[in-house]
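Observations on chain architecture
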Amino acid sequence: MAKFTLQFRMEYCKGCELCVASCPKHILAIGDEIGAKGYRTVTATDMELCIGCRSCALMCPDNVIEIYTEGD
Amino acid sequence: MKPIFTITEGMLPVSTSYCPGCTHGISHRIVMECLDEAGKLGEAIGVAPIGCSVVSHQFMNVDMLESAHGRAPAVATGIRRVHPDKVIFTYQGDGDLASIGMSEIIHAANRGETFTTFFINNAIYGMTGGQMAPTTLVGQKSTTSPDGRDPGAVGMPMRMSELIASLDGAVYVERVALDTPAHVRQAKKAVAAALEIQEKRLGFTFVEFLSTCPTNWGLTPANALKFVEEKLIPYYPLGVFKTPERKEEAV
Ligand SMILES: Cc1ncc(C[n+]2csc(CCOP(=O)(O)OP(=O)(O)O)c2C)c(N)n1
């Protein structure tokens, strides 16, 4: 199981790709899904590779990404 | 599941009016994260500018006022007079702060007003469609400099952090950038430092964010970040220009 989970608050995504550009593992992409705002939204391609670095969330201007890890 | 990054309560659950990839959203979030982490969301009063962030009071979950164009420092000065205990900040673009509001910011800084100004330098007027700002780079195209900024005609781009730091009333001045995750982390540290120094009421505190305007620069959001790295940072060096300690040294 993947160590980290990304929760996307899709209703805010404008498909700007700043998360895609900042991901060091290149596991984010803009998908085919069209969100509430009419933009194509972000998707994660392989969460097994996620290192939980938070770069995507730090660069997201629209508060789309929340990150969780296993445990409590 | 343990959260390692969640959205601060300082950001209201609404979609912003900013264009895709505009870094206003990043600077909003880090200011709100710092207030949230200091437990000060309920104690803060912000002053919004004229510019794209004219509606920032609809996005930031703190008490805010709207000011006339460039006059946020004068409004914040008045707020400080009647609210000596609050955390007070202005949030201003470069058209707002360095053009029409130049007089207000300089005099507020020189008086050592004890609020913090967050200065969003995207080297252009965003809201009105991309006119030249005092901060537009030499050669940079805008609707009012279609052949690029000509310093012979309009002078060189103004470095506001350096200008503010030269005033005795300013006690903390730092320039940060929003082009990489590492720089965003540093920007948050600068905001936290400025707010902490505001608590001590030592004088004026100022943080400049090198920001983007993908729409009016005519670049994709990702390429706009590269423009910050390759063009803005070389002309507007990052760093701390003034701290309370260095001020004492100077005296
Ligand atoms: C007194 C007055 N003069 C001019 C304007 C037009 N105006 C609105 S926003 C703006 C510039 C905004 O640019 P900036 O401060 O850089 O903010 P940005 O939109 O880039 O975030 C101007 C000139 C106005 N609203 N009021």
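Look up a bit, the structure's there.
What this report covers is the structure whose coordinates are included nearby. Given the structure is predicted, the values throughout are model-derived calculations rather than measurements. (Residues numbered from 1 in each chain as written. Chains lettered and ligands numbered in written order. Predicted model: local features only at pLDDT ≥ 70, side-chain atom pairs only at ≥ 80, totals over all residues.)

This part covers the overall build of chain B. In terms of regular secondary structure, chain B is built from 10 helices and eight strands. For chain B, whose C-alpha radius of gyration is 17 Å, the value lies close to the compact-globule estimate of 18 Å for 251 residues. With the C-alpha coordinates of chain B rotated into their principal frame, the extents come out at 55 × 50 × 30 Å. Taking all 251 residues of chain B together, the buried fraction comes to 51%. Pairs at least 24 apart in sequence give 69% of the contacts found in chain B among residues at least 6 apart. (Helix = DSSP H or I, 4+ residues; strand = E, 2+ residues; numbered from the N terminus. Rg over C-alpha atoms; globule rule 2.2 N^0.38 Å. Buried ≥ 20, exposed ≤ 12 C-beta atoms within 10 Å, placed from the backbone. Contact = placed C-beta atoms within 7 Å.)

Tallying the contact residues gives 28 residues for chain A and 24 residues for chain B. Sorting the residues of the side of chain A that touches chain B by element identifies helix 1 (18-22), helix 2 (55-59) and strand 4 (65-69) of chain A as the ones contributing at least two each. Taken together, the three bridges between strand 4 of chain A and strand 1 (residues 2-5) of chain B define a ladder with antiparallel strand orientation. What sits directly across from Ile67(A), in strand 1 of chain B, is Phe5(B). (Pairing = 2+ DSSP bridges.)

Residue and element names in this part refer to chain B. With respect to the secondary-structure elements, Leu41 resides in the loop between helix 1 (24-37) and strand 2 (44-48). When the 18 C-beta atoms within 10 Å are taken as the criterion, Leu41 is described as partly exposed. Leu41 sits 14 residues away from Ser27 along the chain, and the two C-alpha atoms are 16 Å apart. The residues touching Leu41, leaving out its near neighbours within four places in the chain, are Glu9, Gly10, Leu35, Asp36, Asn61 and Val62.

Let us now look at the sheet that holds strand 6 (residues 170-177) of chain B. Residues and elements named next belong to chain B. The sheet built from seven strands is open, its strands ordered 3-2-4-5-7-6-8 with mixed pairing. In the strand order of this sheet, the two ends are held by strand 3 (63-66) and strand 8 (239-242), each with one partner. The sheet shows a mean angle of 20° between the axes of neighbouring strands, taken without regard to direction. As judged from the seven bridges shared by strand 6 and strand 7 (residues 204-210), these two strands associate in the parallel manner. Residue pairing for strand 7: Tyr172 is matched across the bridge by Thr205. The strands touched by helix 1 are strand 2, strand 4 (87-93), strand 5 (116-121) and strand 7; relative to strand 5, the strand with the most contacts, the crossing angle is about 160°. (Axes fitted to C-alpha atoms, helices over the stretch in contact; angles between N-to-C directions.)

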